[in-house]
Amino acid sequence: MPTSPIRPDAPVDVPLPPVDGLRLQARGMSRDVRGAGRVLNRISLDIAPGQLTAIAGSSGAGKTVLLEILAGLSAPTEGEVLHDGQRPGPPGREFGFVPQEDIIHRELPLHRTLVYAAGLRMPPGTPARTVTGTVDRVLDTLGLSERAGTPVRALSGGERKRAGIAVELLTRPRVLFLDEPTSGLDPVTGADLLRTLRALAEDGTTVVLTTHVPADLLRCDQVVFLAPGGEVAYAGEPADLCGAFGVGSLEDVYAAVADGVRVVEAAVPPGDARQPDASRARPAARVGALRQWALLTRRGTALLLHSRLSVAVLAGSPVMIVAMFALLFRAGAFDPVAPDPGSTAMIMFWIAFGAFFFGLTYGLLQICTELPVLRREWLAGLRIGPYVLSKLTTMLPVLAVADALLLAVLRAMDRLPAAGWDTYGSLLASSVLASTAALALGLLASAAVSEPGQATLMLPLLCFPQVLFSGAFVPVPRMTVAGKAISWAMTNRWAFEALGSGVGLAPLWRAGGSPLGPPLLASYGDSFGHPASRGWLILAAFALAFLTGTWTILLRKCRQGAAGSLAGR
């Protein structure tokens, strides 16, 4: 099968190898969506291998719904969809899907981004040289070689669209689905992108796209035009589209369809389905969980270092907490001869809250900003467990360093007692576990929300209860029954109590000369009467519970993500 350069300026000596495209068929297929009714109605289609097909229609006609069902990402209510004569299986390396959202991270250079994507998609054990060569070839073929070192965020709209396609071409799929790839592009850039897709189809890949741009239709092999209500108004060659409706322009076709004109009862009759051979039907091996975790951890670290906002938060949070201590508390509060019980309790609380704040702020934006990327990589074989654990292992060293620096600076400022390594080891363990539990809570919240703005709003909502019900300002023994119950769910309470036990607040207050010590100790009851290890176990259990919740939410979102926007599209 002949190959074609993607762009006039693309190298012609490195074309993508030809592939055997997938045949797509729909037979009497309908789809009902709760709250929207029937969005597709009795659709029959036959899309030949290596064909470029456009799904067109007005907004709400069901274009995206049809695309996702053809891709096997959601099931029809009635009828069936066949891939080479068989029901669609789980998406694999022979499958490519480019949604409207960006499916690559924007912070890293394009080449490095594609190398990480290739590591998650290519067969286990693929040599690094092969991975790099594949990335170079795809960039050459898509005319992006000169932009290889450019951060994705600095690419133009058309270049980012091609970068999204480049991710899918790393494994040379037999079928490529694209949801409105020319949306938001100027006419020249849109035409250039369609030439890219045309060349892929000529090389054998079956390409199916949705579009609302009339000019896109003439560059395709087949047009499926949907009418309101999800019926097929036309299915055939684009050259015959205007004549079939008796109009003079493609824009007039939209008006005619809106007026109820139909020129077919069903789409092109299905042809003979090909049966795949046994070797093609076997699922490809996935990259192992350990390798996925290691690769995601490296990528997460690179993303963290390349994000100016993340670096600013990492550096600014400890500075803010230290400045607060310097302004609020005088030196010498832990003087064993004349301690200040009130200040010592508040110092322990704000250390606990500082550790909580570090972890929560670091975790809140870790997932919601890259959910489209995660969904697509999950379809390509990414496991959710390694993904969640990679977030933990990327951030924990940073949190541990921040907590250690906080303790060291406070000791240097005489806001903490002169004590041995056992005391400071206990304080560091309590702080790191408090940060870990808060990080896990931040990841849970980040997974639960749908956009970064919602995650930002979660920050005060999650912080205020941790302050009020920690037992620092109102000791737990003096709370109401409801307050005591709520305090059990606050990680800050257990961090505060573990820190207080580790630094020895109870014996310090008993032995000190301050008359405030015994009454204050009585108000806290046995809050500091347990070993610090008790708080450690509780904090670890909270972290495990939050991480499990994050895994559960992300798995559900990935399973529902493809069909999450069905209504109204």
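Residues numbered from 1 in each chain as written. Predicted model: local features only at pLDDT ≥ 70, side-chain atom pairs only at ≥ 80, totals over all residues. Heavy atoms only, no water.

Read across the open sheet, the 3 strands follow the order E2-E1-E4; overall the sheet is antiparallel. The outermost strands of the open sheet, each flanked by one partner alone, are strand E2 (37-47) and strand E4 (78-83). Neighbour-to-neighbour, the strand axes of the sheet open up by a mean angle of 20°, direction not taken into account. Contacting strand E1 (24-33), E2 and E4, helix H1 (residues 63-70) crosses the sheet at an angle of about 55° to E2. (Pairing = 2+ DSSP bridges. Helix = DSSP H or I, 4+ residues; strand = E, 2+ residues; numbered from the N terminus. Axes fitted to C-alpha atoms, helices over the stretch in contact; angles between N-to-C directions. Contact = heavy atoms within 4.5 Å.)

Here the focus is the environment of Asp335. Inspection of the secondary structure assignment puts Asp335 in the loop between helix H11 (308-328) and helix H12 (341-364). Taking C-alpha positions, Asp335 is 9.8 Å from Arg415, a pair spaced 80 residues apart along the chain. In this structure the side chain of Asp335 is engaged in a polar contact, spanning 3.0 Å, whose partner is the backbone nitrogen of Val337. (Polar contact = N/O pair within 3.5 Å; in protein donor to acceptor, adjacent residues only side chain to side chain.)

It is worth spelling out the packing of aromatic side chains at this point. Each pair of aromatic rings is reported with the distance of its centres and the angle of its planes. Throughout the structure, instances matching the rule amount to 21 aromatic pairs. Between Phe225 and Tyr254, the aromatic rings sit 4.9 Å apart at their centres with planes inclined by 70°, giving edge-to-face as the arrangement. Residue Phe225 is located in strand E8 (residues 222-227), and its partner Tyr254 is located in helix H8 (residues 250-258); the two are separated by 29 residues in the primary sequence. The buried category is assigned to Phe225, whose relative accessible area is 1%. Its relative accessible area of 18% is what places Tyr254 among the buried residues. Ring centres of Trp509 and Phe528 lie 6.0 Å apart, and the angle between their planes is 90°; this geometry places the pair in the edge-to-face category. Highlighted residues: Trp509 in helix H19 (residues 505-511) and Phe528 in the loop between helix H20 (517-524) and helix H21 (532-561), separated in sequence by 19 residues. (Phe/Tyr/Trp six-rings, centres within 6.5 Å; stacked < 30°, edge-to-face > 60°. Buried < 20%, exposed > 50% of the residue type's maximum accessible area, 1.4 Å probe, protein only.)

Attention now goes to the pairing of strand E7 (residues 206-210). The buried count for E7 comes to 5 of 5 residues, which makes it a mostly enclosed element. Across the two faces of E7 the burial is the same, with Thr206, Val208 and Thr210 and Val207 and Leu209 all buried. Here strand E3 (residues 52-57) pairs with E7 via 4 bridges, running parallel. Among the inter-strand pairings, Leu52 is bridged to a residue of E7, identified as Val207. Summarising the sheet, strand E6 (residues 175-179) and E7 pair through 5 bridges and their orientation is parallel. Each residue of the ladder has a partner; that of Phe177, found in E7, is Val208. Read as a crossover between parallel neighbours, the route from E6 over helix H5 (residues 187-202) to E7 is right-handed. (Right-handed = clockwise from strand over helix to strand, strands pointing away.)

The strand order E5-E6-E7-E3-E8-E9 describes an open sheet built from 6 strands, whose pairing is mixed. Single-partner strands in this sheet number two, and they are strand E5 (95-98) and strand E9 (231-236). Each strand axis lies, on average, 15° off the axis of its neighbour in the sheet, ignoring direction.

On to the environment of Pro228. Looking at the secondary structure, you find Pro228 in the loop between E8 and E9. Here the alpha-carbon distance between Pro228 and Val39, two residues 189 residues apart in the chain, equals 8.4 Å.

What follows concerns the confidence of the model for the chain. Mean pLDDT over the chain stands at 84; residues scoring 70 or higher make up 89%. Of all the helices and strands in the chain, helix H9 (residues 278-281) carries the lowest mean pLDDT, 43, while helix H15 (residues 421-448) carries the highest, 96. Every residue in residues 265-282 scores below 50 in pLDDT, and together they form 36 contacts with partners more than four places removed in sequence or on other chains. (pLDDT = per-residue confidence, 0-100.)

What follows is about the pattern of salt bridges. The full count for this structure, using the stated rule, is 17 salt bridges. Residues Asp102 and Arg106 are paired through a salt bridge, measuring 2.6 Å at the closest nitrogen-oxygen approach. When its relative accessible area of 26% is taken as the criterion, Asp102 is described as partly exposed. For Arg106, a relative accessible area of 38% corresponds to the partly exposed category. For Arg493, the salt bridge identified is with Glu497, shortest N-O distance 3.1 Å. Highlighted residues: Arg493 and Glu497, both in helix H18 (residues 491-503), separated by 4 residues, approximately one helical turn. Among the residues examined, Glu497 registers a relative accessible area of 6% and is labelled buried. (Salt bridge = Lys/Arg side-chain N within 4 Å of Asp/Glu carboxyl O.)

It is worth spelling out the side chain of Thr205 at this point. Within the fold, Thr205 resides in the loop between H5 and E7. Residue Thr205 is classed as buried on the basis of its relative accessible area of 1%. A distance of 2.7 Å separates polar atoms of two side chains, one belonging to Thr205 and the other to Arg172. Ignoring sequence-local partners within four residues, the contact set of Thr205 consists of Val19, Gly50, Gln51, Arg172, Pro173, Arg174, Val175, Leu176 and Leu200.

With that out of the way, let us pick up unusual backbone geometry. Non-glycine residue Arg172 carries a positive phi angle of around 50°. Residue placement: Arg172 occurs in the loop between helix H4 (157-169) and E6. We classify Arg172 as buried; its relative accessible area is 10%. Its identity as a non-glycine residue notwithstanding, Glu180 has a phi of 50°, on the positive side. Among the secondary structure elements, Glu180 is positioned in the loop between E6 and H5. Note on Glu180: relative accessible area 13%, which makes it buried.

Attention shifts here to the packing of helix H10 (residues 289-306) against helix H14 (residues 384-412). Between H10 and H14, whose axes approach to 8 Å, the crossing angle comes to 45°. Comparing the axis directions of H10 and H14 gives the class oblique. H14 is crossed by H10, and the crossing has right-handed handedness. The residues of H14 that touch H10, namely those facing Ala289, Gln292, Trp293, Leu296, Thr297, Gly300, Thr301 and Leu304, are Pro386, Tyr387, Leu389, Ser390, Thr393, Thr394, Met395 and Val398. (Parallel < 35°, antiparallel > 145°, perpendicular 65-115°, else oblique. Left-handed = near helix turned anticlockwise from the far one by under 90°.)

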